[in-house]
Amino acid sequence: MPSEDVPAQHVPTPSASAPPAAEPQAASAPPAPPAHEPPSSDDAAGARASLAALRTEVGKAVVGQDAIVTGLVIALLCRGHVLLEGVPGVAKTLLVRTLSHTVGLDFKRVQFTPDLMPGDVTGSLVYDARTAAFSFREGPVFTNLLLADEINRTPPKTQSSLLEAMEERQVTVDGEARKLPEPFMVIATQNPVEYEGTYPLPEAQLDRFLMKLPVPLPARDAEVDVVLRHAAGFSPRDLDAAGVRTVAAVADLDAGRDAVARVSVSREVAQYVVDLCRATREAPSVSLGVSPRGATALLSTARAWAWMRGGTFVTPDDVKALAEWTLGHRIQMRAEAELEGVTSAAVLQSVLASVPVPR
């Protein structure tokens, strides 16, 4: 992935698109501010610096995954959920646990298995013989950052137990809705090469994830660094010993979200986002294109990225930079196209090359 020359507190460009270069002709007025007092520019700059520092801290435990950390921070800013896809052994679980440590968030992990029940995730009513009454026992979903490990290894009944939590930020048990903590984020993992005994996520559930981030194998030098760290005594179970510190807080996320809400969006850029999504629906090799929810998700992630790189408005290059991560998992290919080796990534590249870019 090419990087972008930005100040030290900024992060590298998260996708393979060219770095932002041109600005749109005119930006419309920013969205209306929230009811509470907006953060000062110093608060926003401090939040940006703190969130950018996450890469350094996570890098003390996980080597060579800076771009994925950037994607996770964007999801936190957008209040979205992430699907991590990678082969076993690329430190997906360690990456999420380290991220929660650096932001000071409560973290819980659920290993999804074929016999896992919905109540094992959401919680359930438990009978107390001493009081002769039922009481609610919270499940692991009541946390800030939930790692749904190998989510495609559990049946659809249990997979769907997360849908209400992801969309409504609440869990309903016995007719009573119980609010989840704030912030709340689901990071699910799945293995892209092992399909025996798995239950692929349906399109409706995939659409609930803001982004799908492919976690690659590390480069040779990074892998050598991993081996040498372990030889020197590094333990992934002891992040404090590795020197990983908490460098950001929920207040930084709040300040960052408020600042992102003030990144302006021109009508031309909004039209460009819609045209990209509509073009996926018209591609001949696609059976299901990107929905309007995908269009709003792309604009949301592009907006967050624009703020992280120091911009005050969204450019077409911001949209391009986040297109594959945000839209790729929302495209369903026709069976004959899959047999011919056509992928959603190839469709997106074709769409990005054919849809006119606003000037």
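Definitions and cut-offs
Residues numbered from 1 in each chain as written. Predicted model: local features only at pLDDT ≥ 70, side-chain atom pairs only at ≥ 80, totals over all residues. Heavy atoms only, no water. Helix = DSSP H or I, 4+ residues; strand = E, 2+ residues; numbered from the N terminus. Contact = heavy atoms within 4.5 Å. Areas by Shrake-Rupley, 256 points an atom, 1.4 Å probe, with all protein chains shown as cover. Buried < 20%, exposed > 50% of the residue type's maximum accessible area, 1.4 Å probe, protein only. Pairing = 2+ DSSP bridges. Core = buried A, V, L, I, M, F, W, Y, C linked by side-chain atoms within 4.5 Å. Patch = residues over 30% accessible without salt bridge, like charges linked within 9 Å, V, L, I, M, F, W, Y side chains within 5 Å. Salt bridge = Lys/Arg side-chain N within 4 Å of Asp/Glu carboxyl O. pLDDT = per-residue confidence, 0-100. Phe/Tyr/Trp six-rings, centres within 6.5 Å; stacked < 30°, edge-to-face > 60°. Lys NZ or Arg CZ within 6 Å of the ring centre and 35° of its normal. Axes fitted to C-alpha atoms, helices over the stretch in contact; angles between N-to-C directions. Parallel < 35°, antiparallel > 145°, perpendicular 65-115°, else oblique. Left-handed = near helix turned anticlockwise from the far one by under 90°. Expected span 1.5 Å × (residues − 1).

1. Some remarks on the overall build of the chain
- Across its full length, the chain holds 15 helices and 11 strands.
- Within the chain, contacts between residues separated by at least 24 positions form 79% of all contacts whose residues are at least 6 apart in sequence.
- Total accessible area on the chain is roughly 16600 Å²; 53% of this is exposed by carbon and sulfur atoms.

2. A short note on the pairing of strand E5 (residues 145-149)
- For E5, a buried count of five out of five residues is recorded, marking the element as mostly surrounded by other parts of the structure.
- Here E5 shows two buried faces, one formed by Leu145, Leu147 and Asp149 and the other by Leu146 and Ala148.
- Sheet analysis places strand E2 (residues 107-111) next to E5, joined by five bridges and oriented parallel. Considered in E5, the bridge of Val110 is made with Ala148.
- Bridging between E5 and strand E8 (residues 185-190) involves four bridges; their strand directions are parallel.

3. Section: the nonpolar core
- Counting 78 residues, the largest nonpolar core has Leu72, Leu84, Trp307 and Val319 as the members making the most contacts within it.
- For Leu84, the contacting residues outside a window of four places in its chain are Ile68, Leu72, Lys92, Val96, Ile187, Ala188, Thr189, Gln190, Leu213 and Val215.
- Grouped together as the second largest cluster of nonpolar side chains are 22 residues, Phe142, Leu162, Met166 and Phe209 included.

4. Some remarks on a nonpolar patch on the surface
- A surface patch of nonpolar side chains, amounting to about 330 Å² of accessible area, comprises Leu125, Tyr127 and Phe134.
- Mapping Phe134 onto the fold places it in strand E4 (residues 133-138).

5. Let's talk about the confidence of the model for the chain
- Scored by pLDDT, the chain has a mean of 87; 88% of the residues are at 70 or more.
- Residue range residues 1-13 is modelled with pLDDT below 50. Its contacts to residues more than four positions away, or to other chains, number 38 contacts.
- In the model, residues 15-39 has pLDDT below 50 throughout and makes 55 contacts with residues more than four positions away in sequence or in other chains.

6. So, the packing of aromatic side chains
- All told, the structure shown has two aromatic pairs when counted by the stated rule.
- Consider the rings of Phe136 and Phe142, whose centres lie 5.8 Å apart with planes at 70 degrees: the pair is edge-to-face.
- Here the basic side chain of Arg178 rests over the ring of Phe136, its NZ or CZ set 4.0 Å away from the ring centre.

7. Considerations on the sheet that holds strand E9 (residues 211-214)
- One open sheet accounts for five strands, arranged E2-E5-E8-E1-E9; its pairing is parallel. Single-partner strands in this sheet number two, and they are E2 and E9. In this sheet, adjacent strand axes meet at a mean angle of 20 degrees when their direction is disregarded.
- Running at roughly 175 degrees to E5, helix H4 (residues 92-103) makes contact with strand E1 (82-85), E2, E5 and E8 of the sheet.

8. Looking at the packing of helix H11 (residues 267-282) against helix H15 (residues 344-354)
- Two elements in contact, H11 and H15, have axes separated by 10 Å at closest approach and are oriented at 135 degrees. By the angle between their axes, H11 is oblique relative to H15. The crossing of H11 and H15 is right-handed. For the pair H11 and H15, contact is made by Tyr272, Leu276, Ala279 and Thr280 and by Leu348, Val351 and Leu352, respectively.

9. Description of the pattern of salt bridges
- The final tally for this structure, using the stated rule, is 16 salt bridges.
- For Asp207, the salt bridge identified is with Arg330, shortest N-O distance 2.7 Å. Of the two residues, Asp207 sits in the loop between helix H8 (203-206) and E9 while Arg330 sits in the loop between helix H13 (316-327) and strand E11 (332-333), which places them 123 residues apart along the sequence. Like Asp207, the residue Arg330 is buried in the burial classification.
- Salt bridges here are not isolated pairs; linked through shared partners, they connect Glu167, Asp207, Arg208, Arg293 and Arg330.

10. Quick notes on helix H9 (residues 220-231)
- Given a rise of 1.5 Å per residue, 12 residues ought to cover 16 Å, and the 17 Å separating the end C-alpha atoms of H9 matches this to within 8%.
- Directly beyond the C-terminal end of H9, a positive phi value near 110 degrees is found at Gly233.

11. Thoughts on the environment of Val250
- The residue Val250 is located in helix H10 (residues 250-260) in this model.
- Between the alpha carbons of Val250 and Pro183 there is a distance of 7.7 Å; along the sequence they are 67 residues apart.
- Residues contacting Val250, with those up to four places away along its chain left out, are Val103, Leu105 and Pro183.

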